[in-house]
Amino acid sequence: MSETFDEATTLKRRTFVAASTAVAGLPLLSSDRLPASASAAAPTPADQLSTVRLTVNGEQRTAQVDNRTSLLDLLREHLDLPGTKKGCDQGACGACTVLVDDRRVNSCLVLAVMAQDTHVTTIEGLARERGGQLHPLQQAFIDHDGLQCGYCTPGQVLSGVACIAEGHTGSRTEIREWMSGNLCRCGAYTNIVSAIEQTAKEA
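Residues numbered from 1 in each chain as written. Predicted model: local features only at pLDDT ≥ 70, side-chain atom pairs only at ≥ 80, totals over all residues. Heavy atoms only, no water.

(A) Geometry of the overall build of the protein. Each helix and strand in the protein was counted, giving eight helices and five strands. Reading the secondary structure of the protein in the N-to-C direction produces α-α-β-β-α-β-β-β-α-α-α-α-α. Burial analysis of the protein (203 residues in total) assigns 34% to the buried set. Restricting to contacts in the protein with at least 6 residues of sequence separation, those with at least 24 account for 51%. Accessible surface computed for the protein: about 12,300 Å², of which carbon and sulfur atoms make up 53%. (Helix = DSSP H or I, 4+ residues; strand = E, 2+ residues; numbered from the N terminus. Buried < 20%, exposed > 50% of the residue type's maximum accessible area, 1.4 Å probe, protein only. Contact = heavy atoms within 4.5 Å. Areas by Shrake-Rupley, 256 points an atom, 1.4 Å probe, with all protein chains shown as cover.)

What follows is the structure, given as structure tokens:
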């Protein structure tokens, strides 16, 4: 039985190695062999562009964007604010949460043109508004180890700031309910709730 198993395993391994070698030996396509549509995107027609003016982290910003551009992509790609993370890009994970006129929103679901004349706060703006000092909730995340990989943390912090401002911190259960739109794939939920609970009590 073991010999048959070993033989099958060896054959599978040899097949895999042979296939991998064959694929690795294929010449790579250079950009001059790609169709024009794949190597260079066509410019956006002028009638599909809009100039967006908004206040981001207390600073007036202006950008010309495709009408289909999300607020998330405006912040990351046009305004050089990569702290807002792109997770699912479908409004399901909360990684892209920012504050728009002090209300939390999933920036991947908001068109940039819809943010015209609004005030947007990103994770970069929390400390800036306090003269470079961490926001109390940011410090509480550190104190309670409310992060592991850190990818969801900007959205968690901004959602937590809003959760406190909205008054949804009466109990740990209430905090969990009102933070349920923000996913942590590392599973730091208990510590995140503790950080928000502490900050709310000290506010």
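(B) Main features of the side chain of D66. Position of D66 relative to the elements: it lies in strand β2 (residues 59-66). At 2.7 Å, the side chain of D66 forms a polar contact with the side chain of R68. In contact with D66, other than residues within four places in its own chain, are T44, Q48 and L49. (Polar contact = N/O pair within 3.5 Å; in protein donor to acceptor, adjacent residues only side chain to side chain.)

(C) The side chain of T55, seen in detail. Looking at the element boundaries, T55 is found in strand β1 (residues 49-56). A distance of 3.1 Å separates a polar atom in the side chain of T55 from a polar atom in the side chain of Q60. Apart from the residues within four sequence positions on either side, T55 is in contact with Q60, T118, H119 and V120.

(D) Representation of the packing of helix α5 (residues 136-143) against helix α8 (residues 189-202) in the model. Packing of α5 against α8 brings their axes to within 8 Å, and their N-to-C directions diverge by 135°. Looking at the two axes, α5 sits oblique to α8. In the crossing of α5 with α8, the sense of the turn from one axis to the other is right-handed. On the side of α5, the interface is formed by P136, L137, A140, F141 and D143, while α8 contributes I192, A195, I196, Q198 and T199. For the contact of α5 with α8, a count of residues per class yields seven nonpolar, two polar and one charged. (Axes fitted to C-alpha atoms, helices over the stretch in contact; angles between N-to-C directions. Parallel < 35°, antiparallel > 145°, perpendicular 65-115°, else oblique. Left-handed = near helix turned anticlockwise from the far one by under 90°. Nonpolar A, V, L, I, M, F, W, Y, C, P; charged D, E, K, R; others polar.)

(E) Representation of the confidence of the model for the protein within the structure. Within the protein, residue pLDDT values average 86, and 80% of them lie at 70 or more. Contacts for the low-pLDDT stretch residues 1-5, under 50 throughout, to residues beyond four places or in other chains number zero contacts. Here residues 20-31 is a poorly scored stretch, pLDDT under 50, and it has three contacts once near neighbours within four places are set aside; other chains count. (pLDDT = per-residue confidence, 0-100.)

(F) Just the sheet that holds strand β4 (residues 103-106), in detail. In space, the five strands of this open sheet follow the order β2-β1-β5-β3-β4, with mixed pairing throughout. Each edge of the open sheet is held by one strand with a lone partner, namely β2 and β4. Taken over all neighbouring pairs, the strand axes of this sheet differ in orientation by 40° on average, direction set aside. Taken together, the two bridges between β1 and strand β5 (residues 119-121) define a ladder with parallel strand orientation. (Pairing = 2+ DSSP bridges.)

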